[in-house]
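Read off the chains here:
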Amino acid sequence: MAAPLRHWRKVWSPLSCMKDGVRAASGMEGVPYKTTIKDQKASSPSTVPEAADVVVIGGGSLGCNTLYHLAKLGITNTVLLETHQLTAGTTWHTAGLLWRLRPSDAELHLINTTRQLLLNLEHETSINPGWINNGGLFIASSNERLDEYKRLMTIGRIHGIESYILDPAETKKLYPLMNVEDITGTLYCPGDGTLDPAGFCNALTRSATQAGARVVERCPVTDIRTVETILGGRKVSEVHTPYGVIKTNAVVNATGCWANDIANMVGTEVPLAPMKHAYVVTEKIPGIENMPNVRDHDTSVYLRLQGDALSVGGYENNPIFLDRLDREFAFGLYELDWDVFSAHIFGAVNRVPVLESTGIKSTVCGPESFTPDHKPVMGEDPNVQGFYHCCGFNSAGMMLGGGCGDQMARWIVNGRPDIDMFGYDIRRYHAPLNRNQAWVLARSHESYAKNYNIVFPHDEPLAGRGQRLSPLHQVLENEGCIFQERHGWERPGWFSDQPAPTEDYDWHGAYDNDPNTEDRYKALLTADYSFDFPEHHHLIQKECLACRETAAIFDMSYFGKFYLTGPDAQKAADWLFSADVARAPGTTVYTCMLNRNGGIEADLTVSVCEGGLGSACDPAFMGRGFYLAAGGAAALQNLAHVMKEMRTHSWDVQVLDHTEDMAMLSVQGPNSRAILQQLTDNEDFSNESFPFSTHKIITIAGHRVRALRLSFVGEMGWELHIPNASAVPVYEAVMAAGKPLGLTNSGYRAIDSLSCEKGYRHWHADVRPDDTPLEAGLAFTCKLKTDTNFLGREALELQKSKGITKKLVTFTLDDPSRPLWGLEGIWRNGEAVGYIRRAEYAFALGRSIAYGYVKNPDGGKVTNDFLKSGTWHLESMGELLDTTVHIRPPFDPKNLRVKGIYEEKPALCVSEAVV
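Please read these numbers as outputs of a predicted model, since none were measured by experiment. (Residues numbered from 1 in each chain as written. Predicted model: local features only at pLDDT ≥ 70, side-chain atom pairs only at ≥ 80, totals over all residues. Heavy atoms only, no water.)

Caption draft 1: Region of interest: the sheet that holds strand E33 (residues 662-668). On the basis of which strands lie adjacent, the open sheet formed by 6 strands has the order E34-E35-E36-E33-E27-E37 and mixed pairing. Every interior strand has two partners, whereas the edge strands, strand E34 (695-700) and strand E37 (743-746), have only one. The mean inter-strand angle of the sheet, taken between neighbouring strand axes irrespective of direction, is 30 degrees. In this structure, E34 lies alongside strand E35 (residues 703-708), joined through 6 bridges in antiparallel fashion. From the neighbouring strand, lysine 696 faces E35, where its bridge partner is alanine 707. Set on the sheet, helix H19 (residues 724-738) makes contact with strand E27 (551-555), E33, E34, E35, strand E36 (717-723) and E37; between it and E36 the angle comes to about 145 degrees. (Pairing = 2+ DSSP bridges. Helix = DSSP H or I, 4+ residues; strand = E, 2+ residues; numbered from the N terminus. Axes fitted to C-alpha atoms, helices over the stretch in contact; angles between N-to-C directions. Contact = heavy atoms within 4.5 Å.)

Shown next, in the form of structure tokens:
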């Protein structure tokens, strides 16, 4: 007898322990598919191939997609190893939803790749992947949620994805069984749908095996062997199974919840947490046929059409964590814990009232893997050459599978993916945090619980804070610093009028934890949740204008700080850095590091130096060396890129990492010279003695530091790179000398605004691995006029000869009262030509400023004439806004201020604008 929803908790007994209640999936009655691969027979293999170009481990969505796309690239000497049968583990019981709209251009591309694959696979293989295109409907219960949907609609439209904002009456007409009395509106995407994992994986592997690949089921991996390389690295060499050893140079770990069983074989750890994830399947609901799938984000519930019934699931605050799963747990399920699942009952019944009297046909509760930022973990391990991660898909492995399998294959074959995948790259994580199970669990829980929250521009995590601290952390906290978290680092965001430390994570009140009631940090963070100007907009303005008018001090200790030394250091530097670093010691150069396609893997400063006395800021080494200062959010990726090239070329070099034992202060603004000059007796800070783009070891307030005359905000200023023990006394001395001259503490919110005004690039926003220096306006960083070869040079020269077809362009809004946040559409003469990558409010200009790449809709070159012609608008939340295009960034276009020349008052440079 089926149980009506209102009696769920009475009919079913909740579990008391997460390890109990395992049940077999007999008949698969709970899963929304007619067949599963478990029903097929798979005999144990007698042998495996002796060698393969690529070994894919795991026969779920990601493993099958990777094998398929490798074959499409012509790599067919491959083998997929599956311990049980295809789709075992997590893939087989997935709900199989595909939602096309996401707040990321990369994810839009990945999902669209999956969708196109689903449309073509049956024609290619004669196997139906189970694609049902019934559309998707997002529910907004507030104006803020509807604004988020308008942003999704805008970025989707730029990428050719059809969607519509509907009012409650239109929503009711589309979905007659829905309660619309409490909604503000909805977002309807006709191209959404569902797929069948068994049909999808069968079709993928049929195509791959017909091309020459092999699939070996019932074949566990027992070991992976590696050989040593230089600089402490290792390289994959063999995969061991009960049926033989496979020699290979590339292994893809696509084993989902079991990823660490495989990763630990090569000494690495994947930051993921297995959890129980559930949905229920209802009895027949008259009139539900052909309705779109629904996401009611504000109640954290989804409703998936299943013929004449619904699957109901969501994300709760108290998911059940799992220990590492038994490798034999293949097609099993757990009994549903109604104490946990009951969080979804009210939302589901409220949205579709008929559910209150509808029976439950079955329940599905299986394992899924979740990560600390709710993004997959992909890419080559930075320390194990040839070992590729492809796991942690946060229950989105089906809809992301086609796109991620495609990019995974390109990563292996071409050395990098075709699109920007840094948000998924294993190198975004700090390795010690990967092994910190408490941090992984807390952050994964928060990401799971917040999965349906509104994605506001300046969100920060509350879990797992305080992992990596600047030596100035407590001093700045006492000054009212509101910190941001990046890669475990606590970095200054902005400054309030009183301290607001982060509290211990309260797990959203779950697991018998009391919610934090007196949490000033959380209250300030909540006040930042807006698509309008935040409540503390004026405080960020104060920090920005202080930097422009007097002086500001920034703690940038979370920057990566590396020394490249050794006999082959110059040879390595010539190859790695796009700019000419064959300079005299004391020179500092802004440069890029590129990939073989000419894409920007990093932008950083490189200082040519010689061995010193042995401190962190002045290490002892023989010969020439190079000091690399890399933006903190990209520091791990930068270091991994350097190490990979060193190992590839077997150069005799050493890489010294002083990120953790050296602080960094940046003193910027018209009064910066006067402030620092007071603190030293033997150093002249004049332009003649200490010009822009140079560095020296000097003494500040009695402490030796490496001072670089640089700016990331467009002002005269110096970076002070300081051993940790000297950080606090140097900071206190600078503040004491600077306060009478207007020196102000400032954070990264100010840096974001100031750098945007000046047109300085942020890596992974303005510039990414799929952008070249020619496209990004950074051609000046490339030594194309020299005879020195460097990584990516050939691709750049080819692009230069053909002309660029996309270009990073500066925009300012004509209306000074409107904010921009990114993802806005760029329109020229009524045609979509791009979207905004990064936007800030430019306080010195008194208006919003934004950067986005523009393409010519005719496929031709993007020239200044193209930019100067036409009528331009930015689309924000469905509204077209008047905008001004700038050939160059409008603040201080002559670059006088960084040279210490303050004769001209900064203003909007109309002469550089296209009006």
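Caption draft 2: Spotlight on unusual backbone geometry. A positive phi angle, near 45 degrees, is found at aspartate 892, a position not held by glycine. With respect to the element layout, aspartate 892 can be found in the loop between strand E43 (879-886) and strand E44 (913-914). Look at aspartate 892 and you get buried, because its relative accessible area is 10%. Of note in the backbone geometry, asparagine 895 takes a positive phi value of approximately 55 degrees without being a glycine. Position of asparagine 895 relative to the elements: it lies in the loop between E43 and E44. (Buried < 20%, exposed > 50% of the residue type's maximum accessible area, 1.4 Å probe, protein only.)

Caption draft 3: Focus on the packing of helix H2 (residues 61-72) against helix H6 (residues 197-211). Between H2 and H6, whose axes approach to 8 Å, the crossing angle comes to 35 degrees. Note on packing geometry: the crossing formed by H2 with H6 is left-handed. Mapping the contact onto sequence places Ser61, Cys64, Asn65, Leu67, Tyr68, Ala71 and Lys72 in H2 and Phe200, Cys201, Leu204, Thr205, Ser207, Ala208 and Ala211 in H6. For the contact of H2 with H6, the residue count by class is 9 nonpolar, 4 polar and 1 charged. (Left-handed = near helix turned anticlockwise from the far one by under 90°. Nonpolar A, V, L, I, M, F, W, Y, C, P; charged D, E, K, R; others polar.)

Caption draft 4: Structural detail: the environment of alanine 842. As for its position among the elements, alanine 842 is in strand E40 (residues 831-842). Along the backbone, alanine 842 and leucine 604 are 238 residues apart, and their C-alpha atoms lie at a distance of 24 Å.

Caption draft 5: Up close: helix H17 (residues 635-649). Compared with the 21 Å implied by 1.5 Å per residue over 15 residues, the 22 Å span of H17 between its first and last C-alpha is a close match. Counting buried positions along H17 gives 11 out of 15 residues, so the element sits mostly inside the fold. Within H17, burial applies to Ala635, Gln637, Asn638, Leu639, Ala640, His641, Val642, Met643, Glu645, Met646 and Arg647. (Expected span 1.5 Å × (residues − 1).)

Caption draft 6: Quick peek at the side chain of threonine 91. The topology assignment puts threonine 91 in the loop between strand E4 (78-81) and strand E5 (97-98). On the basis of relative accessibility, which here comes to 9%, the residue threonine 91 falls in the buried class. Filtering out sequence-adjacent residues up to four positions away, threonine 91 remains in contact with Gly60, Ser61, Pro197, Cys201 and Met398.

Caption draft 7: Fine view of the pairing of E40. Across the 12 residues that make up E40, a large majority, 10, are buried. Sheet topology note: the strand E39 (residues 825-828)/E40 ladder contains 4 bridges and is antiparallel. Among the inter-strand pairings, isoleucine 826 is bridged to a residue of E40, identified as glycine 834. Hairpin connection of E39 to E40: 2 residues between the antiparallel strands, including asparagine 829 at a positive phi of 50 degrees.

Caption draft 8: Looking closely at the confidence of the model for the protein. A residue-level look at the protein finds 94% of positions with pLDDT of 70 or above and a mean pLDDT of 94. In the model, residues 1-21 has pLDDT below 50 throughout and makes 49 contacts with residues more than four positions away in sequence or in other chains. This model gives residues 23-27 a pLDDT under 50, and the stretch forms 11 contacts once residues within four places in sequence are excluded. (pLDDT = per-residue confidence, 0-100.)

Caption draft 9: How the structure looks around helix H4 (residues 143-158). Spanning 16 residues, H4 covers 23 Å between terminal C-alpha atoms, matching the ideal 22 Å at 1.5 Å per step. Of the residues making up H4, those classed as buried are Arg145, Leu146, Glu148, Tyr149, Arg151, Leu152, Met153, Thr154, Ile155, Gly156 and Ile158.

Caption draft 10: Geometry of the sheet that holds strand E21 (residues 377-380). Pairing is mixed in the open sheet, where 6 strands are placed in the order E10-E4-E3-E14-E23-E21. Strand pairing shows two members of the sheet lacking a second neighbour, strand E10 (214-216) and E21, which therefore form its edges. Taking each pair of neighbouring strands and ignoring which way they run, the sheet shows an average axis angle of 20 degrees. The pairing of strand E3 (residues 54-57) with E4 spans 4 bridges and is classified as parallel. Bridged to isoleucine 57 within E4 is leucine 81. Contacts from H2 reach E3, E4, E10, strand E14 (251-253) and strand E23 (387-391), with the element oriented near 170 degrees to E4.

Caption draft 11: Structural view of the pattern of salt bridges. For the structure shown, the criterion picks out 41 salt bridges. Between arginine 416 and glutamate 601 there is a salt bridge whose closest N-O contact spans 3.7 Å. Taken together, the residues arginine 416 in the loop between helix H10 (397-414) and helix H11 (431-434) and glutamate 601 in strand E30 (residues 600-610) connect sequence positions 185 residues apart. This pair shows no difference in class: arginine 416 is buried, exactly as glutamate 601 is. For aspartate 618, the salt bridge is made with arginine 704, and the minimal N-O distance between the two is 2.7 Å. Here arginine 704 lies in strand E35 and aspartate 618 lies in the loop between E30 and strand E31 (624-630), a separation of 86 residues in the sequence. (Salt bridge = Lys/Arg side-chain N within 4 Å of Asp/Glu carboxyl O.)

Caption draft 12: Main features of the pairing of strand E26 (residues 489-495). The buried count for E26 comes to 7 of 7 residues, which makes it a mostly enclosed element. Here 2 bridges tie strand E24 (residues 468-469) to E26, and the two strands are oriented parallel to one another. By the bridge assignment, leucine 469 is partnered in E26 with glutamate 490. Where strand E25 (residues 481-486) meets E26, 6 bridges bridge the pair, whose relative direction is antiparallel.

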